[in-house]
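Each chain, written out:
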Amino acid sequence: MPPLDGIRGLAILLVLLLHFRAPDLTHPLKGILGLGWTGVQLFFVLSGFLITGILLDTRSCSNYFSSFWMRRTLRIFPLYFLALSVFLVAAPAVLPVPKEALPPAADQVYYWTYLNNWIPMGEEGRLVHVLGHFWSLAVEEQFYLVWPVVVWLVPPRMLLRGCAVACLLILAARSWAFFTAGDLGMVYRNTVLR
């Protein structure tokens, strides 16, 4: 769908602008560039829309679950685990990697299990190491694990209504968490609040 490719391009641009802006930028555009976090939201919305369409189209297939999960696994796992192997195993074994460049050893198991979005953030309020952005992959993989079951169990005529109610409940929960949580990063990266 070409219009969705355009939205995907916009999302990429927003994320790049956010990550490449200078932290000490005093230009009037600093506030606009700071909105780049919305690019991640666009990716999640697009992914949810496209995945739901695939799941609805294949809902009656006998290999519904195995086909979906195998496609997701073959698409994401090889490159993801190669990156983890390079950054967490190979590079530290052969290079003098600064301690702060990688997640602490105690947290690395969360990366291998796609649970790294549940790791509390540091005092800076963000993950500063080279794998910090992998939290979004963890959210996506957790979504891929649960959403096919929901789509399969909920009748299609009730799915849209259920999604609308869920969005309202999640918005309320996210708003409450935003005003009461000490770690806003956890609110931002929390799978349930997505």
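Refer to the preceding data block for the structure.
Fair warning: this is a prediction, and the values are worked out from it, not measured in the lab.

(A) Representation of the overall build of the protein within the structure. Along the backbone of the protein there are 8 helices and 0 strands. Helices and strands appear in the protein in the N-to-C order α-α-α-α-α-α-α-α. Carbon and sulfur atoms form 73% of the exposed surface of the protein, whose accessible area is close to 12,400 Å².

(B) Molecular detail of the nonpolar core. Counting residues in hydrophobic clusters, the biggest one holds 19 residues, and the most contacted among them are Leu55, Tyr80, Leu84, Tyr111 and Phe134. For this core, the leading source of residues is helix α4 (residues 64-94), giving 7 residues. Excluding residues that lie within four positions of it along the chain, leucine 84 makes contacts with Val89, Tyr111, Trp112, Leu131 and Phe134. Core analysis: the second largest hydrophobic core is formed by 5 residues, Val15, Val40, Phe44 and Val139 among them.

(C) Here's a closer look at the packing of helix α3 (residues 38-58) against helix α6 (residues 135-153). Here α3 crosses α6 at 30°, and the two axes come no closer than 11 Å. With respect to α6, the element α3 is oriented roughly parallel. Judged by the twist between their axes, the crossing of α3 over α6 is right-handed. Contacts from Val40, Phe44, Ser47, Gly48, Ile51, Thr52, Leu55 and Leu56 of α3 reach α6 at Trp135, Ser136, Val139, Glu140, Phe143, Tyr144, Trp147, Pro148 and Val151. The residue inventory of the contact of α3 with α6, partitioned by class, reads 12 nonpolar, 4 polar and 1 charged.

(D) Inspection of unusual backbone geometry at higher detail. Of note, the phi angle at tyrosine 114 is positive, near 60°, even though the residue is not glycine. Mapped onto the elements of the fold, tyrosine 114 is located in the loop between α5 (108-112) and α6. What makes tyrosine 114 buried here is its relative accessible area of 6%.

(E) Focus on a nonpolar patch on the surface. A grouping of Leu79, Leu82, Val86, Phe87 and Val130 is seen on the molecular surface, where their side chains present a nonpolar patch of about 450 Å² in accessible area. Within the fold, valine 86 resides in helix α4. In this structure valine 86 comes out as partly exposed when scored by relative accessible area, which is 40%.

(F) Representation of the packing of aromatic side chains in the model. With the rule as written, the count across this model stands at 16 aromatic pairs. Taking the centre distance of 5.1 Å and the plane angle of 85° together, the rings of phenylalanine 178 and phenylalanine 179 count as edge-to-face. Lying over the aromatic face of tyrosine 144, arginine 72 brings its terminal NZ or CZ to 5.5 Å of the ring centre.

(G) The environment of arginine 194, seen in detail. Position of arginine 194 among the secondary structure elements: in the segment after α8 (184-189). Residues arginine 194 and cysteine 167, spaced 27 residues apart in sequence, show a C-alpha to C-alpha distance of 9.0 Å. Ignoring sequence-local partners within four residues, the contact set of arginine 194 consists of Gln41, Phe44, Trp135, Val139, Ile170, Arg174 and Tyr188.

(H) Quick peek at the side chain of threonine 52. With respect to the helices and strands, the residue threonine 52 is situated in helix α3. Given a relative accessible area of 16%, threonine 52 falls into the buried group. In this structure the side chain of threonine 52 is engaged in a polar contact, spanning 2.8 Å, whose partner is the side chain of tryptophan 147. What threonine 52 contacts, discounting residues up to four positions off in sequence, is Trp147 and Leu159.

Conventions we followed
- Residues numbered from 1 in each chain as written.
- Predicted model: local features only at pLDDT ≥ 70, side-chain atom pairs only at ≥ 80, totals over all residues.
- Heavy atoms only, no water.
- Helix = DSSP H or I, 4+ residues; strand = E, 2+ residues; numbered from the N terminus.
- Areas by Shrake-Rupley, 256 points an atom, 1.4 Å probe, with all protein chains shown as cover.
- Core = buried A, V, L, I, M, F, W, Y, C linked by side-chain atoms within 4.5 Å.
- Buried < 20%, exposed > 50% of the residue type's maximum accessible area, 1.4 Å probe, protein only.
- Contact = heavy atoms within 4.5 Å.
- Axes fitted to C-alpha atoms, helices over the stretch in contact; angles between N-to-C directions.
- Parallel < 35°, antiparallel > 145°, perpendicular 65-115°, else oblique.
- Left-handed = near helix turned anticlockwise from the far one by under 90°.
- Nonpolar A, V, L, I, M, F, W, Y, C, P; charged D, E, K, R; others polar.
- Patch = residues over 30% accessible without salt bridge, like charges linked within 9 Å, V, L, I, M, F, W, Y side chains within 5 Å.
- Salt bridge = Lys/Arg side-chain N within 4 Å of Asp/Glu carboxyl O.
- Phe/Tyr/Trp six-rings, centres within 6.5 Å; stacked < 30°, edge-to-face > 60°.
- Lys NZ or Arg CZ within 6 Å of the ring centre and 35° of its normal.
- Polar contact = N/O pair within 3.5 Å; in protein donor to acceptor, adjacent residues only side chain to side chain.

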